Amino acid sequence: MPTVLACRHLAYAYPNHAGPSAGTPLLQDIDAVFPGGQVVLVSGRSGAGKSTLLHLLAGLLRPSSGEIVADGQPVSRWLTAHRDRWRRRAGIVFQQDHLVSDLTVLENVMLPLIPRSGGPRQWRACGLAMLARLDAGDLAPQPVATLSGGQRQRVAAARALVDAPDYVVADEPTAHQDLDNARRLGRLLRQTADRGAVVVVAAHDRHVDEWLDVDQHLILDNGYLQPVP
Amino acid sequence: MTRHPLLLAVFTTDVLTFLLILGASATAFRIALHWDQQDTGAKQLRLQARSETAALAVTWAFGLHLFATIALVYAVTNILPDMVPGAMCGTGVLQAMHSSGPRMVIYRLVGLAILWVWWRMEKVNQSLPEAPLVPINARVVLLALPVFGLALHASWEAAGAMDFQQPVDCCAVIYDQFHSLQEARRTLGAGNKVWLKAFGALTLALVAAAMTAWKSPGRRWIHMLLATLALGWLPIAAIALVRVLAAYHYGVLHHHCPWCLFLPEHHLAGFLIWAAWMLVAMEAVTALVLASLSVRQPPPVWRSACDHARKAARNTLLATLLFALLSTGPGLWWRLHFGMWLTG
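The shown structure was predicted, so the numbers you read here are calculated from the model rather than taken from an experiment.

**Student:** Can you tell me about the layout of surface pockets, naming the residues and giving the values?
**Tutor:** All names here are of chain B. Taken as a whole, the largest pocket spans an internal volume of roughly 870 Å³. Taken together, 28 residues make up the lining of the largest pocket; nearest its centre are Val73, Leu109, Phe262, Trp274 and Met278. Looking at the lining of the largest pocket, the elements that each hand over two or more residues are α2 (42-79), α4 (100-126) and α10 (269-295). Looking at which element gives the most residues to the lining of the largest pocket, the answer is α4, with nine residues. Its residues assigned to classes, the lining of the largest pocket comprises 25 nonpolar, two polar and one charged.

Here's what the structure looks like:
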């Protein structure tokens, strides 16, 4: 069965949200399919709800209504423990990198491999290989506290992709990258999709087509997700 | 009313347990009214999130209640006898509590049994991503609520009823039930040997049924047989222990006291023996509930329920063997050591 992620009548409103937009859902009645083998770009103005949509797709948030279906399974309605286990199959690049500051770059990248079989030697080899693909091999022994914003973002991308996940959600993954590094990451995301994974990238970068080969482009506007012709 | 720290801890735990159950019951009530597994509307999704919180609250309540019950039994058997004049074990303490004492014990044990069954069903529920047993478990929580309310009330009454100035006569309760030696050797019209033989026969039958249920999952009739045998075994095992076998723990005949087994001079054996007895009751009922549940459910639930029913049957087997070993062990040792039974 090919990997596929889908939203059915998905809506999200911040719980206990107060303010002028109180009661208005951030996302409304979203029906979308993210098939394996495709790179899907979600764009929209700042604050449109792109990050929220990606968090919902990755199982980090519960929808207010509707559901997220992964390979036919309503994962958003699963018990937390089962959803957490399912999330091991997802690689997430957060807008804020969320690296563990007390660990080195390589240790951060090795983290998703720990629940898997194999041992430290194998995890180390995988981590180093992934860092090298993002031109960050030389950063491996450094503490993450010493890295620049762009370097941190590449390490976060390496951590998300090191485990060959079935679902990749990347939130503004090249916000602090130069074009060369952005292209390198774009190629890696393409290769990830080519082996059958679902890849969803959120970006509001107008030059995204310079570094990312996109199969499907969706735009998020006023809470609704629509295809860009 | 005493302000012993352990009793205050027990009472505080009881209040907390009741509040947890009460909070979970509010969610359980909504689940009973509105739950629709297939609905993806906002109301149902909120209920799903709340059901997880409620399950966590009941799990905590179960743990707290278990702790409080063990602590209370310890207090009743090992602390309060020193404070109640004339009391030598839990019998005297319960006497000082008047009718509230036995009621408190009964409500607590019924509450424990209900939450035990809930806990085992929740394990089946948690093993499946879509939590299909939420509505059934919610009803069990609603069933537990009045029992825990009564248990809390009875505990409060029992604590208030205790009179530390009025002496009790522990032994009068034990020995004054008999007018003759002949009477001491009979229970409910049957001789102690009859009870002992019935205990032996039922223990063998229960072990065989538990073994079969453990090894042959998915057969509801064997779980039904196991539960029936267990329900028959429980009073007979209790009578055989208190009337015949406890004598070998005490080293004296006709001291028909279930509470003295909890005393340090008898190696606190009562805690293990009565825990095994309770476990037989709870696990046999669990095995039956899970086996019955599996019949009307789709295959994933059926498989998980069967697996847990099997484990419940295995636990029944182990608890029965533990009870038999601990209750008959001292008697057998006595026979081997002295070459004769206490009765000659």
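**Student:** Could you give me a rundown of the packing of aromatic side chains, with the residues and numbers involved?
**Tutor:** Residue and element names in this part refer to chain B. Enumeration over the complete set of coordinates arrives at 17 aromatic pairs over all chains. Ring centres 6.0 Å apart and planes at 80 degrees place the aromatic pair Phe62 and Trp116 in the edge-to-face group. You can see Phe62 sitting in helix α2 and its partner Trp116 sitting in helix α4, a full 54 residues away along the chain. In terms of burial, Phe62 and Trp116 fall into one category: buried.

**Student:** Report on the interface of chain B and chain A, specifying residues and quantitative values.
**Tutor:** A common way to state how big an interface is: give the accessible area lost once the parts meet. Taken together, the contact between chain B and chain A spans 17 residues of the former and 13 residues of the latter. In this assembly, chain B packs against chain A so that about 1,200 Å² is buried in total across both faces, 52% of it on carbon and sulfur atoms. Three residues stand out in chain B for area buried against chain A, namely Thr40, Glu52 and Pro129 of chain B, and they jointly supply 42% of the buried area on that side. Inspection of the chain B/chain A interface yields one salt bridge.

**Student:** So, the pairing of strand β4 (residues 65-70) of chain A: which residues are in play, and what are the values?
**Tutor:** Taken residue by residue, a regular strand's side chains alternate between the two faces of the sheet. All names here are of chain A. With six of six residues buried, β4 lies mostly within the body of the structure. Sheet topology places strand β1 (residues 4-12) next to β4; five bridges connect them, and they run antiparallel. Paired with Cys7 across the bridge in β4 is Ile68.

**Student:** With reference to specific residues and values, describe the pattern of salt bridges.
**Tutor:** Going through the model one piece at a time under the given rule, you end up with 17 salt bridges over all chains. For Arg108 of chain B, the salt bridge goes to Asp14 of chain B, with nearest N and O atoms at 2.3 Å. Separated by 94 residues along the polypeptide, Arg108 of chain B in helix α4 and Asp14 of chain B in helix α1 (residues 5-34) bring together distant segments of the chain. On the basis of relative accessibility, which here comes to 8%, the residue Asp14 of chain B falls in the buried class. One salt-bridge network, held together by shared partners, links Arg190, Asp194, Asp213 and Asp215 of chain A.

**Student:** Now, about the confidence of the model for chain B: what can you tell me, with residues and values included?
**Tutor:** Residues and elements named next belong to chain B. With 96% of its residues at a pLDDT of 70 or more, chain B shows a mean pLDDT of 91. The lowest-confidence element of chain B is helix α6 (residues 170-175), averaging 68 in pLDDT; the highest-confidence one is α2, averaging 96. For this predicted complex, the interface confidence reaches an ipTM of 0.85, while the overall pTM sits at 0.89.

**Student:** So what's going on with the sheet that holds strand β5 (residues 90-93) of chain A? Residues and values would help.
**Tutor:** Each strand in a sheet pairs with its neighbour through backbone hydrogen bonds, running either in the same direction (parallel) or in the opposite one (antiparallel). Residues and elements named next belong to chain A. The mixed open sheet is built from six strands, whose spatial order is β5-β6-β7-β3-β8-β9. Among the strands making up the open sheet, the edge pair consists of β5 and β9 (224-227). Neighbour-to-neighbour, the strand axes of the sheet open up by a mean angle of 20 degrees, direction not taken into account. Pairing between strand β3 (residues 39-43) and strand β8 (residues 216-221): four bridges, direction parallel. Within the sheet, the bridge partner assigned to Val40 lies in β8 and is Gln216. Across the sheet, helix α5 (residues 149-161) touches β5 and β6 (167-171), and the angle it forms with β5 is around 170 degrees.

**Student:** Got a sec to walk through the packing of α4 of chain B against α10 of chain B? Specific residues and values, please.
**Tutor:** All names here are of chain B. For the pair α4 and α10, the least separation of the axes is 10 Å and the interaxial angle reads 45 degrees. As the angle between them shows, α4 and α10 are arranged oblique. Considering only the axes of α4 and α10, their crossing is right-handed. Seen from α4, the contacting residues are Leu109, Leu112, Ala113, Trp116, Val117, Arg120, Met121 and Val124; seen from α10, they are Met278, Leu279, Met282, Glu283, Val285, Thr286, Val289 and Leu290. In terms of residue class, the contact of α4 with α10 is made up of 13 nonpolar, one polar and two charged.

Parameters and conventions
Residues numbered from 1 in each chain as written. Chains lettered and ligands numbered in written order. Predicted model: local features only at pLDDT ≥ 70, side-chain atom pairs only at ≥ 80, totals over all residues. Heavy atoms only, no water. 1 Å grid on protein atoms, 1.4 Å probe; cavity = no way out; pocket = protein on both sides within 12 Å on 5 of 7 lines; lining within 4 Å. Points joined across faces, edges and corners; volume = space filled by probe spheres on them. Helix = DSSP H or I, 4+ residues; strand = E, 2+ residues; numbered from the N terminus. Nonpolar A, V, L, I, M, F, W, Y, C, P; charged D, E, K, R; others polar. Phe/Tyr/Trp six-rings, centres within 6.5 Å; stacked < 30°, edge-to-face > 60°. Buried < 20%, exposed > 50% of the residue type's maximum accessible area, 1.4 Å probe, protein only. Contact = heavy atoms within 4.5 Å. Buried area = accessible area lost by both parts, 1.4 Å probe. Salt bridge = Lys/Arg side-chain N within 4 Å of Asp/Glu carboxyl O. Pairing = 2+ DSSP bridges. pLDDT = per-residue confidence, 0-100. Axes fitted to C-alpha atoms, helices over the stretch in contact; angles between N-to-C directions. Parallel < 35°, antiparallel > 145°, perpendicular 65-115°, else oblique. Left-handed = near helix turned anticlockwise from the far one by under 90°.

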